[in-house]
Amino acid sequence: MAADPIGFGVIGAGIWGETHLKAYSTTPQVRLACVCDRNLSLARQRAADYGAEQAVADYRELLAQDDIAAVSVVTPDFLHREIAVAAAEAGKHVLIEKPMATSLADCAALIAAAEANGVILMVDFHNRFNPAFMSLKRAISAGQMGEPLMLSLRLNDTIFVPTQMLSWSSQSNVLWFLGSHSVDLVRWLFADEVVRVYCVSRSRLLRGRGVDTPDFFHTICELRGGGVAHIENCWVMSNAYPTVCDFRCEFIGSEGTAVFNVVASDTVQLFSEHPLRDYASSPGVMYPDTNVVIDSHGRPVGFGVESIRYFADCVVQGRRPFITPQDGLENTRVLLAALESARTGQPVSLE
């Protein structure tokens, strides 16, 4: 006889919170028990859309429910600590959106709470489930690329994201929002730690539009084994670009090279006399998402969903994820070093 489904809750029902709801509502042995958002009408709408049993506005009300074993924390990055610590102390397994937190003290508090209460704590570094990066990781691990020498990652968003999509962009920055993905890929692909960081940023366009956050960051990461990574993250690409996000990778090893466009596929292009994107007001072109979160005849698939399903499977099966709490801590450590370097104009050592 199959075991009863395990109760899951989602705290934060915004754009990416909806992805968590899509994943949980279509994963075997998972019961979507509760949706929480400070906007109660949104929580109720999401609950109705995805078959959740309850909607609440206060996360403490969700955490008080004994039939919920695990939660996703999908709030803005600067609001992670209080909620995630409370969840762990309530005995809930925690999947937290990247970055784990925006200070080392907050990361340490999350890890301590998870360890003290014997619960899983996983950061949703979903690019480790991206088929492109999984293929590259396998080739590196098998020795097919030789010694990893250099990596270049360009992960940028259109200006729509900080000016219209996110209401809290002035309280964060593109390094936390996109650089967290990039830094995790550097550590994971190289299987090494960053020991020195040099970062440059500029603040012109967004501040001129009333959004007090930098336009872009260029970050150089030196790794302990001698590898070097360059990361480009910006929030000011033109809204005329056919995708909200541009993500490209170039990896060079001593015996191999990999170059790929991670998100947009040139093989699928849509042209129309009508707007093709929610934020577009004129006719244009769009490269539709074919691998992040897509609808496959009513079932959500893609690497943005699979990382969440992986966490759910770990909870159901009682095993620890391969993404560790230490991965979240080290990610934040590198990002803080990059921010300090951008502020001072000097390289920052992490050793």
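It should be noted that the structure appears before, not after, this text.
Residues numbered from 1 in each chain as written. Predicted model: local features only at pLDDT ≥ 70, side-chain atom pairs only at ≥ 80, totals over all residues. Heavy atoms only, no water.

(A) How the structure looks around unusual backbone geometry. The linkage connecting K98 with the following residue, P99, adopts the cis geometry, with an omega of -10 degrees. Mapped onto the elements of the fold, P99 is located in the loop between β5 (93-97) and α5 (104-117). Non-glycine residue Q29 carries a positive phi angle of around 65 degrees. Structurally, Q29 is set in the loop between α1 (15-24) and β2 (30-36). When its relative accessible area of 30% is taken as the criterion, Q29 is described as partly exposed. Phi at H297 takes a positive value of approximately 55 degrees, unusual for a residue other than glycine. Mapped onto the fold, H297 is located in the loop between β15 (294-296) and β16 (299-301). Taking the relative accessible area as the measure of exposure, H297 reaches 83% and is therefore exposed. (Helix = DSSP H or I, 4+ residues; strand = E, 2+ residues; numbered from the N terminus. Buried < 20%, exposed > 50% of the residue type's maximum accessible area, 1.4 Å probe, protein only.)

(B) Just the side chain of N173, in detail. The residue N173 is located in the loop between α7 (160-165) and α8 (174-190) in this model. Within polar-contact distance, the side chain of N173 engages the backbone nitrogen of W176 at 3.0 Å. For N173, the contacting residues outside a window of four places in its chain are T213, P214, F217, W235 and L339. (Polar contact = N/O pair within 3.5 Å; in protein donor to acceptor, adjacent residues only side chain to side chain. Contact = heavy atoms within 4.5 Å.)

(C) Looking closely at helix α10 (residues 303-317). With 15 residues, α10 should reach 21 Å at 1.5 Å per residue; the first-to-last C-alpha distance of 20 Å fits that figure. For α10, a buried count of eleven out of 15 residues is recorded, marking the element as mostly surrounded by other parts of the structure. Of all the positions in α10, only F303, G304, V305, S307, I308, R309, Y310, F311, A312, C314 and V315 are classed as buried. After α10 finishes, the residue G318 shows a positive phi value of roughly 70 degrees. (Expected span 1.5 Å × (residues − 1).)

(D) Expanded view of the sheet that holds strand β9 (residues 216-223). Judged by pairing direction, the sheet is mixed, and its seven strands sit side by side in the order β12-β11-β7-β10-β9-β8-β17 without closing on themselves. Each edge of the sheet is formed by a strand with only one pairing partner; in this case those strands are β12 (256-261) and β17 (348-349). Alignment of strand β11 (residues 245-253) against β12, held across six bridges, turns out to be antiparallel. Directly across from F251, in β12, lies its bridge partner A258. Across the face of the sheet, α8 comes into contact with β7 (148-158), β8 (194-202), β9, β10 (228-237) and β11 while running at roughly 160 degrees to β7. Across the face of the sheet, helix α11 (residues 325-344) comes into contact with β8, β9 and β17 while running at roughly 50 degrees to β8. (Pairing = 2+ DSSP bridges. Axes fitted to C-alpha atoms, helices over the stretch in contact; angles between N-to-C directions.)

(E) Region of the structure containing the nonpolar core. In this structure, Y24, L62 and F311 are the most contacted members of the largest nonpolar core, which totals 61 residues. Tallying contributions element by element places α10 first for this core, with eight residues. The residues touching F311, leaving out its near neighbours within four places in the chain, are F8, Y24, A70, V71, H93, V94, L95, I120 and M122. In terms of nonpolar packing, the next biggest core, distinct from the first, is built from 48 residues, F133, A139, F160 and V262 among them. (Core = buried A, V, L, I, M, F, W, Y, C linked by side-chain atoms within 4.5 Å.)

(F) Spotlight on the pattern of salt bridges. Evaluation of the coordinates by the stated rule reveals 18 salt bridges. A salt bridge links D327 to R128; the nearest nitrogen and oxygen atoms lie 3.5 Å apart. Linking D327 in helix α11 with R128 in the loop between β6 (121-124) and α6 (131-141), this pair joins segments that are 199 residues apart in sequence. Taken individually, D327 and R128 each receive the classification buried, so the pair is uniform in this respect. (Salt bridge = Lys/Arg side-chain N within 4 Å of Asp/Glu carboxyl O.)

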